[in-house]
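# Fold and contact review
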Amino acid sequence: MKIVLLGPPGAGKGTQAAMLVKRFGIPQISTGDMLRLAVSEKSPMGIKAKEYMDAGDLVPDEVVIGIVRERLQADDCAAGFILDGFPRTLQQADALKQVLADLDKQLDAVVSLQVEVEALVARLTGRRSCVECGKGFHLQYDPPAADGSCTECGGKLIQRDDDCEATIRNRMQVYQQQTAPLEDYYSKQGLLTVVDGMADISTVQSEIVAALSGS
Ligand code: AP5
Ligand code: ZN
């Protein structure tokens, strides 16, 4: 199964992708996670990407397209993948189509998660993730252990640098301007399914799985 998860910052793409990984045994390809790893390793790409990410702007298309092209060629993507946070521009969407065509593949479905703006802000300001295993939490909606640590590995939880309110608002604007047009793009190709992302995490998962079973 070859899936794209679309949705604004905080819509639940990463949360839902991690659950789909367990269910279908296919990898999650998160460009945000790949870029954050490059930033933490201080690689040349990471140093370049950091200024865009800190401001909540998109990293240039050619950088992101390059890392996705390479990742999709890996053996573990043969049976399928879940793209989380890519594509984010029409240029990225066209590039994805070409990369997949070169691999003799095509997308099966694009799921767009719809969530109201103020709910997105609440989700992002309360988000934390485990420094050891990367598992995501929300202080209220998906709480960590009683002592504030990770429920999987006991690791310490941290907050993302771009989860402050001013940067969140810019990320949302960028989404509206540059990424929202992809809904129309994929709708015209008959690939788009819209899912209400306002429900609780497990209900959203069930709706995504139901939508995928029809694709
Ligand atoms: P990226 O890491 O992709 O961030 P994003 O798109 O802003 O998305 P988020 O990770 O913030 O949200 P999410 O939808 O995954 O929500 P989550 O599941 O965590 O990108 C970061 C930056 O990298 C970009 O700004 C850009 O600079 C760069 N970048 C990345 N990809 C790029 C690309 N393709 N091109 C160019 N630049 C790129 O959930 C959020 C919180 O809500 C969590 O705490 C979770 O527990 C909680 N939650 C989830 N679902 C629910 C629910 N149903 N009810 C209640 N709470 C919920
Ligand atoms: Zn952990």
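One can find the structure itself at the top, above this paragraph.
Model, not experiment: these values are computed from the prediction. (Residues numbered from 1 in each chain as written. Chains lettered and ligands numbered in written order. Predicted model: local features only at pLDDT ≥ 70, side-chain atom pairs only at ≥ 80, totals over all residues. Heavy atoms only, no water.)

## Some points on the sheet that holds strand β4 (residues 109–114)
Hydrogen bonds between backbone groups are what pair the strands of a sheet, and the pairing can be parallel or antiparallel. The strand order β2-β3-β1-β4-β8 describes an open sheet built from 5 strands, whose pairing is parallel. One side of each edge strand has no neighbouring strand; the edge strands of this open sheet are β2 (28–30) and β8 (192–196). In this sheet, neighbouring strand axes are inclined to one another by 25° on average, regardless of whether the strands run parallel or antiparallel. Sheet contacts for helix α1 (residues 13–24): β1 (2–6), β2, β3 (81–84) and β4; angle to β3, the most-contacted strand, approximately 170°. (Pairing = 2+ DSSP bridges. Helix = DSSP H or I, 4+ residues; strand = E, 2+ residues; numbered from the N terminus. Axes fitted to C-alpha atoms, helices over the stretch in contact; angles between N-to-C directions. Contact = heavy atoms within 4.5 Å.)

## A closer look at the coordination of the zinc ion (ligand 2)
The protein atoms that coordinate the zinc ion (ligand 2) are Cys130 (SG), Cys133 (SG), Cys150 (SG) and Cys153 (SG), at distances of 2.3 Å. In this structure, the zinc ion (ligand 2) is coordinated by 4 donor atoms arranged in tetrahedral fashion, with angles at the metal of 97 to 117°. One chain supplies every donor to the zinc ion (ligand 2), and in sequence these donors are spaced C-x2-C-x16-C-x2-C. Of this pair, Cys133 sits in the loop between β5 (127–130) and β6 (136–138) while Cys153 sits in the loop between β6 and β7 (157–158), placing them 20 residues apart in sequence. The exposure class assigned to Cys133 is partly exposed, which follows from its relative accessible area of 42%. (Donors = N, O, S within 2.8 Å, 3.2 Å for Na, K, Ca; no water. Tetrahedral: all angles 85-135°; square planar, octahedral: opposite > 155°, others 65-115°. Buried < 20%, exposed > 50% of the residue type's maximum accessible area, 1.4 Å probe, protein only.)

## Considerations on the nonpolar core
Leu72, Phe81, Leu83, Leu96, Leu107 and Tyr186 are the most contacted members of the largest nonpolar core, which totals 29 residues. It is helix α4 (residues 61–72) that provides the largest number of residues to this core, a total of 6 residues. With residues up to four places along the chain from it excluded, the contact list for Leu107 reads Lys2, Val4, Phe81, Leu96, Leu100, Tyr186 and Leu191. In this structure, Ile3, Ala11, Ile26 and Leu124 belong to the second largest nonpolar core, which totals 21 residues. (Core = buried A, V, L, I, M, F, W, Y, C linked by side-chain atoms within 4.5 Å.)

## With respect to α1
If you check α1, its first and last C-alpha atoms are 16 Å apart, about what 12 residues at 1.5 Å a residue would give, namely 16 Å. As for α1, its buried residues are in contact with β1, β2, β3, β4 and α9 (201–213). Residue Gly25 follows α1 closely and has a positive phi angle near 65°. (Expected span 1.5 Å × (residues − 1).)

Interpretation note: all reported values are geometric properties and have no functional meaning in isolation.
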